[in-house]
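This is what each chain is made of:
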Amino acid sequence: MTGKLIAGNWKMNGSVSFATELVEGLLERLNQDAVSADFVVCPPAALLGTVLSLAKDTDLAVGGQDCHANVSGAHTGDTSAELLKDIGCGYVITGHSERRTDHGETNADVNAKSAAALTAGLTPIICIGETEAERVTGDTLNVIKTQVTESLPDDCDPDNIVLAYEPVWAIGTGKTATPADVADVHNFIRGLLNDRFGEDAAKKIRILYGGSVKPENAAELLAVSNVDGALVGGASLKVEDFWAIGVR
Ligand SMILES: O=C[C@H](O)COP(=O)(O)O
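The numbering scheme is per chain: residues are counted from 1 as the chain's sequence reads. Owing to the predicted nature of the model, reporting of local features is limited to residues with pLDDT of at least 70; listing and counting of side-chain atom pairs is limited to 80 or more, with chain, interface and lining totals taken over all residues. Side-chain metrics rest on all non-hydrogen atoms present in the structure, leaving aside hydrogens and water.

Looking at an unreviewed UniProt entry, the protein carries the name Triosephosphate isomerase, with the source organism given as Kiloniella spongiae. UniProt positions are given in the numbering used here, feature names are shortened, and annotations may be inferred rather than shown by experiment. What the UniProt record of the protein gives under Subunit (unreviewed entry) is the line "Homodimer."

Here we look at the layout of surface pockets
A pocket, in this scheme, is an open set of points on a 1 Å grid over the protein atoms alone with protein on both sides within 12 Å along at least 5 of 7 lines, while a cavity is a set where a 1.4 Å probe fits but cannot get out; residues line either one if an atom lies within 4 Å of a point. Grid points are joined across faces, edges and corners, and a volume is the space filled by probe spheres set on the points. In this model, the largest pocket occupies a volume close to 490 Å³. Taken together, 21 residues make up the lining of the largest pocket; nearest its centre are A45, Q65, D66, R99 and H103. Helix numbers and strand numbers start at the N terminus; a helix is a DSSP run of H or I with at least 4 residues, a strand a run of E with at least 2. Residue contributions to the lining of the largest pocket peak at 3 residues, all from helix α4 (residues 97-102). Under the scheme applied here, ten amino acids are nonpolar (Ala, Val, Leu, Ile, Met, Phe, Trp, Tyr, Cys and Pro), four are charged (Asp, Glu, Lys and Arg), and all others, including Gly, are polar. Tallied by class, residues from the lining of the largest pocket come to 8 nonpolar, 7 polar and 6 charged. Roughly 210 Å³ of internal volume is contained in the second largest pocket. The class makeup of the residues in the lining of the second largest pocket is 7 nonpolar, 10 polar and 3 charged.

Focus: the sheet that holds strand β6 (residues 162-165)
Strand order in the closed barrel formed by 8 strands is β1-β2-β3-β4-β5-β6-β7-β8, and the pairing between neighbours is parallel. Sheet twist, expressed as the mean angle between neighbouring strand axes with direction ignored, is 25°. Pairing between strands is defined by DSSP: at least two bridges between them are needed. Bridging between strand β1 (residues 5-9) and strand β2 (residues 38-42) involves 5 bridges; their strand directions are parallel. In the strand pairing of β2, I6 is matched with F39. Contacts are assigned to residue pairs that have any heavy atoms within 4.5 Å of one another. To obtain an axis, a line is fitted to C-alpha atoms, over the contacting stretch when the element is a helix, and the angle between two such axes runs from 0 to 180 degrees between their N-to-C directions. Here helix α2 (residues 48-55) sits on the sheet and contacts β2 and β3 (61-64); the angle it forms with β3, its principal contact strand, is near 165°. Packing of helix α5 (residues 107-120) onto the sheet brings it into contact with β4 (91-94) and β5 (123-128), and relative to β5 it is tilted by some 160°.

Next comes the structure, spelled out in structure tokens:
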């Protein structure tokens, strides 16, 4: 692990002109500022070609928002991890709560997709997080434990995975978990990773926080123990805001 990882998930937003302007803005800043954070953008699949051609041979990494667990085959509308790797991606988001909800993805699905990503040579950003109902009933840590246990592939290499803790109730709502809440969950996740991989290996795994991260709260959240970066939705669509989250 080096600096913080700031990942932008554009979700189903953007256009060719939007992507061009945003990526050019990021590259301009990457060229000018001394940056310790690593930046990755995850545009919709249809914009990957545009973004990859702009980001080629730069420090801006690019990722997909999902991949299929299979290498190829009759899976209309899906994209394999191999293809993402082939076109130049370095990352892929797996198990985002919107895919778990919209497409019924289970921990087993997320595990299989993450394994496919690793096999293809991509770094999966594996998303976990409790719903509001689970939080209210005090089940947060149980849910997190199950998700971490079941979503991470058996033989995954800690060097090549990223976790993202995103409380579902904080996504796109403007509600953010308090630094104390984030610390509790991130420290708990680190403990689970320590148990599974051993402390030396587990410390290589970056644990991102996601859920209404913006320039105004980024410094506080990124200063929390075991918060190694951010997975940013809405604020990643504005170059000034996305940049300000990672460079302060
Ligand atoms: O993947 C990103 C997260 O879902 C967070 O989205 P948000 O920053 O719009 O709350």
